[in-house]
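Coordinates in review
Spelled out from the first residue to the last, the chains are:
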Amino acid sequence: MQVALIVVMAFIFCLIGYAFGSIMFGVIIARLFNKDIRNVGSRNPGATNVSRTLNKKLALVVSLLDALKGYIAIIVCWIIFRYTIFDLWSNNSYSLIPLVYLSGTMSVIGHCFPVQYIIALCRFKFDWKKAQKYSGGKGVSTTGGILFAVSPWLGLIAFGIWLTILLATRYVSLGSMFCMLLTVFLIFIDKLNFLYLFDRSLLFHNPLFINWSIRCGLFALLLINAMIVIARHYPNIQRLLKHQERKFF
């Protein structure tokens, strides 16, 4: 019974995360200004392309909304977890908390490969070149939202790393990749071993301590996120090696 419930909850959390991730805010906002973001610039529906084809203020809005996809997916799944598994097994369920963050990983996958892309693949008989127009972003902002859901301090440190590399090199892609990769290992720093989202106090006076089993589970999920983000930046890596990558400013 317990195993079956865990499997069902994991499946539900994956669906919730993927559904949130599939919302393409870059596409939606660009359409409000009579533009198809998938036909201009880099054709990527992420915040960077919005910045270059529309303006930086709208790009900030897209970035925040994309981050909220991962954050809200985790909150929704935590509420479900709280009133199902947690109520059934109380403190014994703490080791299952990484299940909640599984929705975050799925939101990144949904952002990169939204349901529209899957439908297009089927329609074009798995011709990925034709379906490419319907693919999603690179998952950076959505992963950022997940980091803030782990700990606001972890999210702020990640943002600091990204901003520092961006200002030093002027390459958004370079900042994004290094930020994602370095932040994964910060989960092992003792000062960051608390889950503020699971605090019983609105003022974060008593956040949940992350034991090693929870920490390793979160590390695995964050590492998967980082690998997805880096893989999505493969064309950027090629341009960086050829010194052809476009600078942000």
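Residues numbered from 1 in each chain as written. Predicted model: local features only at pLDDT ≥ 70, side-chain atom pairs only at ≥ 80, totals over all residues. Heavy atoms only, no water.

1. Thoughts on the confidence of the model for the protein
Let me state the cut-off plainly: Each residue carries a pLDDT score, the predictor's confidence in it, ranging from 0 to 100. By the criteria applied, helices consist of DSSP H or I runs no shorter than four residues and strands consist of E runs no shorter than two, each listed in order from the N terminus.
Averaged over every residue, the pLDDT of the protein is 87; residues scoring 70 or more account for 91%. Strand S2 (residues 208-209) is the least confidently modelled element of the protein, averaging 68 in pLDDT, while helix H6 (residues 98-112) averages 94, the highest of any element.

2. Some words on the side chain of Thr53
Heads up, the rule is: Burial status follows relative accessibility: with a 1.4 Å probe on protein chains alone, a residue under 20% of its type maximum counts as buried, one over 50% as exposed, and anything between as partly exposed. Throughout this description, a polar contact denotes any pair of N or O atoms lying within 3.5 Å of each other; where both atoms belong to protein, one of them has to be capable of donating a hydrogen while the other can accept it, and for residues adjacent in sequence the pair is counted only when both atoms sit in side chains. Here a residue-residue contact requires only that any non-hydrogen atoms of the pair lie within 4.5 Å.
Considering the arrangement of structural elements, one finds Thr53 in helix H3 (residues 47-53). Classification of Thr53 as buried rests on a relative accessible area of 16%. From its side chain, Thr53 meets the backbone oxygen of Asn49 in a polar contact 2.7 Å long. Setting aside residues no more than four positions away along its own chain, Thr53 makes contact with Lys35, Ile37, Val40 and Gly41.

3. Comments concerning the pattern of salt bridges
Quick reminder of the rule: Salt bridges are defined as contacts in which a side-chain nitrogen from Lys or Arg sits within 4 Å of a carboxyl oxygen from Asp or Glu.
Under the defined criterion, the tally for this structure stands at 2 salt bridges. Across the salt bridge formed by Arg239 and Glu245, the nearest N and O atoms sit 2.8 Å from each other. By relative accessible area, which is 11% here, Glu245 ends up buried.

4. A word on the packing of aromatic side chains
To keep it simple, the criterion reads: For Phe, Tyr and Trp, where Trp contributes only its six-membered ring, two rings pair if their centres lie within 6.5 Å, and the inter-plane angle classes them as stacked under 30 degrees, edge-to-face over 60, or tilted in between. Comment: the charge-over-ring label is applied if NZ (Lys) or CZ (Arg) is within 6 Å of the ring centre and within 35 degrees of the ring normal.
If you walk through the whole model with that rule in mind, you get 6 aromatic pairs. The structure contains a cluster of three or more aromatic residues connected by ring pairs, namely Phe185, Phe188, Trp212 and Phe219. Sitting over the face of the ring of Tyr83, Arg82 holds its NZ or CZ atom 5.3 Å from the ring centroid. Looking at Arg232, its charged tip hangs above the ring of Phe113, at a distance of 4.9 Å from the centre.

5. As for the nonpolar core
Counted only if it meets this: To qualify as a nonpolar core, a set must consist of buried Ala, Val, Leu, Ile, Met, Phe, Trp, Tyr and Cys residues joined through side-chain atoms within 4.5 Å.
The biggest cluster of nonpolar side chains holds 43 residues, and the ones touching the most others in it are Phe81, Val100, Tyr101, Leu195 and Leu218. For this core, the elements supplying multiple residues, two or more each, are helix H1 (2-21), helix H4 (56-82), helix H5 (85-89), H6, helix H9 (140-150), helix H10 (152-169), helix H11 (172-185) and helix H12 (212-232).

6. Here we look at H11
Counted only if it meets this: To estimate the expected span of a helix, count its residues, drop one, and scale the result by 1.5 Å.
For H11, with 14 residues, the first-to-last C-alpha span of 21 Å sits near the 20 Å given by 1.5 Å per residue. When H11 is considered as a whole, its buried residues turn out to be Val172, Ser173, Gly175, Ser176, Met177, Cys179, Met180, Thr183 and Val184. Structurally, H11 contributes buried residues whose contacts are with H3, H9, H10, H12 and helix H13 (234-241).

7. As for helix H2 (residues 25-32)
What H2 keeps buried is the set Phe25, Gly26, Val27, Ile29 and Ala30. On its buried face, H2 sits against H3 and H4. Two residues or fewer past H2, Asn34 is found with a positive phi of approximately 60 degrees.

8. Quick look at the side chain of Ser22
You can see Ser22 is positioned in the loop between H1 and H2. Residue classification places Ser22 among the buried positions, given a relative accessible area of 8%. In contact with Ser22, not counting residues within four places along its chain, are Gly110, His111, Pro114, Val115 and Gln116.

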